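Here is what each chain is made of, one letter per residue.
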Amino acid sequence: MSPPPAYDVVVAGGGPAGCAAALALVRAGRTVLLADSGTGPPKTGEALVSVGRLVLADLGVDQPVLGTGHLPCHGNLSAWGSTELHAVDALHDPYGHGWHLDRPLFDRRLRAAAREAGAEVTEHTAVRRPARQPDGTWRLALCDRSGGSRERTVRCRWMVDATGRGAAIAVRSGARRRRGDRLTALHLTLDPAPRTALDGRSLVESDQDGWWYTALLPSRRRLVAYFTDPDLPGAAGGAERFRDRLLATRHIAHRARPHGLRPLPPPRRAPRTARIWTGCTATAGRRPATRRSPSTRSAHRASSPPSTPG
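None of the values given here were measured: they were computed from a predicted structure. (Residues numbered from 1 in each chain as written. Predicted model: local features only at pLDDT ≥ 70, side-chain atom pairs only at ≥ 80, totals over all residues. Heavy atoms only, no water.)

Peer 1: Whenever I open this one, the overall build of the chain confuses me. Can you help?
Peer 2: The helix and strand tally for the chain stands at eight helices and 17 strands. Expressed as a percentage of its 310 residues, the buried residues of the chain come to 45%. Here the chain displays about 16,400 Å² of accessible surface, and carbon together with sulfur accounts for 51% of that area. (Helix = DSSP H or I, 4+ residues; strand = E, 2+ residues; numbered from the N terminus. Buried < 20%, exposed > 50% of the residue type's maximum accessible area, 1.4 Å probe, protein only. Areas by Shrake-Rupley, 256 points an atom, 1.4 Å probe, with all protein chains shown as cover.)

Written out as structure tokens, the structure reads:
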């Protein structure tokens with residue numbers, strides 16, 4: 001029986017981290033298998049700061065990855081610990097503007113670039129049962145998640161766990177995760193406003209128990225998100241509190257009535273974020289969503305708000 005195919009490195013996870021690792025390793029002369037399972041919640045509202053172009057340029061993929069399909073972000077607004085808005089304009093940034101990303105497109109282009117560079121890329125493929133061999137190599141199973149039951153065994157000298165916050169491979173190999181505060185993100189997607197009312201800048205604003213974030217998506221719809229810590233007293237009520245605060249803004253409440261959402265009494269202070277919502281309506285049938293994590297069914301853990309071009 002012939003031995004399983006051997007690679008220098010198997011990279012588990014086909015997101016930006018996994019693709020960057022694969023690109024760097026291939027260009028260093030290593031044989032690389034990049035396995036992307038294609039699982040996990042869809043990512044929305046993510047942005048790339050302007051200096052990110054330098055990292056992509058170092059990998060030689062800035063042109064194909066940042067081509068059409070993403071929305072330029074020419075600055076951002078912030079009100080942090082103050083009622084005054086502070087503006088950062090891309091005109092003053094030596095690296096230019098940032099981007100509101102179409103994240104699935106961004107990831108697909110990165111994987112295509114890794115494949116073109118010489119990595120073997122398998123999509124809808126999960127890495128399972130990693131086992132260290134006596135000679136120091138790794139033996140693992142690649143499971144097809146595209147609807148078939150195919151599975152193959154491969155061997156490699158090193159493994160890279162780029163599966164994200166879940167650290168799937170590292171945990172299966174005995175690593176332990178340390179958890180601090182659990183950041184909860186509640187988000188809602190609004191229908192696009194008239195083009196004359198569109199503001200392509202992102203906005204982040206502090207609040208008593210967290211912060212608001214809003215930005216345009218490449219689809220021209222607007223994402224509105226509220227971040228808080230479930231341990232805070234003001235976080236009780238989660239999605240209901242978020243909805244109440246959204247509908248407390250008059251123009252949002254007025255336009256939401258046709259979709260069956262009930263306007264509620266205003267909060268102590270409507271967020272400045274609401275000024276950018278003017279002319280937007282909530283998408284029919286949608287309710288504020290709570291992102292989930294493997295450790296809880298009602299909250300999404302995150303280490304930071306969606307990155308904003310700066």
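Moving on from the model shown.
Peer 1: Quick question: what am I supposed to make of the nonpolar core here?
Peer 2: The biggest cluster of nonpolar side chains holds 23 residues, and the ones touching the most others in it are Leu34, Leu48, Leu56, Val61, Phe106, Leu110 and Ala114. Those elements giving two or more residues to this core turn out to be strand 1 (6-12), helix 1 (16-27), strand 2 (32-36) and helix 4 (103-117). Residues in contact with phenylalanine 106, not counting those within four places in the same chain, are Pro16, Leu48, Leu56, Val65, Leu66, His70 and Leu101. Of all hydrophobic cores here, the second largest spans 13 residues; its members include Ala12, Ala35, Leu142 and Met159. (Core = buried A, V, L, I, M, F, W, Y, C linked by side-chain atoms within 4.5 Å. Contact = heavy atoms within 4.5 Å.)

Peer 1: Please explain helix 4 as it appears in this structure.
Peer 2: One full turn of an α-helix is made of 3.6 residues, so residues set three or four places apart face in the same direction. Between its first and last C-alpha atoms helix 4 spans 21 Å; for 15 residues at 1.5 Å apiece the expected length is 21 Å, and the two agree. Along helix 4, the positions that sit buried rather than exposed are Arg103, Leu105, Phe106, Asp107, Leu110, Arg111, Ala113 and Ala114. Of the surrounding elements, those touching the buried residues of helix 4 are helix 1, strand 2, strand 3 (47-48), helix 2 (52-58), helix 3 (62-65) and strand 8 (120-123). Looking one or two residues past helix 4, glycine 118 carries a phi angle of roughly 125 degrees, positive in sign. (Expected span 1.5 Å × (residues − 1).)

Peer 1: Can you walk me through the sheet that holds strand 8 in this structure?
Peer 2: One key point about sheets: their strands pair by backbone hydrogen bonds, in either a parallel or an antiparallel sense. The mixed open sheet is built from six strands, whose spatial order is 8-2-1-11-10-9. Pairing within the sheet leaves two strands with one partner each, and these edge strands are strand 8 and strand 9 (125-132). Across this sheet, the average inter-strand angle for adjacent strands is 40 degrees, counted without regard to direction. One ladder, built from six bridges, connects strand 9 with strand 10 (residues 138-144); its direction is antiparallel. What sits directly across from threonine 125, in strand 10, is aspartate 144. Its contacts with the sheet put helix 1 on strand 1, strand 2 and strand 11 (151-161), and the angle it makes with strand 2 is roughly 170 degrees. Those strands touched by helix 4 are strand 2 and strand 8, and its axis lies near 145 degrees from that of strand 8. (Pairing = 2+ DSSP bridges. Axes fitted to C-alpha atoms, helices over the stretch in contact; angles between N-to-C directions.)

Peer 1: What is the right way to read the pattern of salt bridges from this model?
Peer 2: Oppositely charged side chains can pair when the atoms bearing their charge come close. Under the criterion given, the structure shown has nine salt bridges. As a salt-bridge pair, aspartate 36 and arginine 111 come within 3.4 Å of each other at their nearest N and O atoms. Of the two residues, aspartate 36 is situated in strand 2 and arginine 111 in helix 4; the sequence distance between them amounts to 75 residues. (Salt bridge = Lys/Arg side-chain N within 4 Å of Asp/Glu carboxyl O.)

Peer 1: Where do I start with the environment of proline 104 in this structure?
Peer 2: When you line up the elements, proline 104 lands in helix 4. Taking C-alpha positions, proline 104 is 8.1 Å from proline 42, a pair spaced 62 residues apart along the chain.

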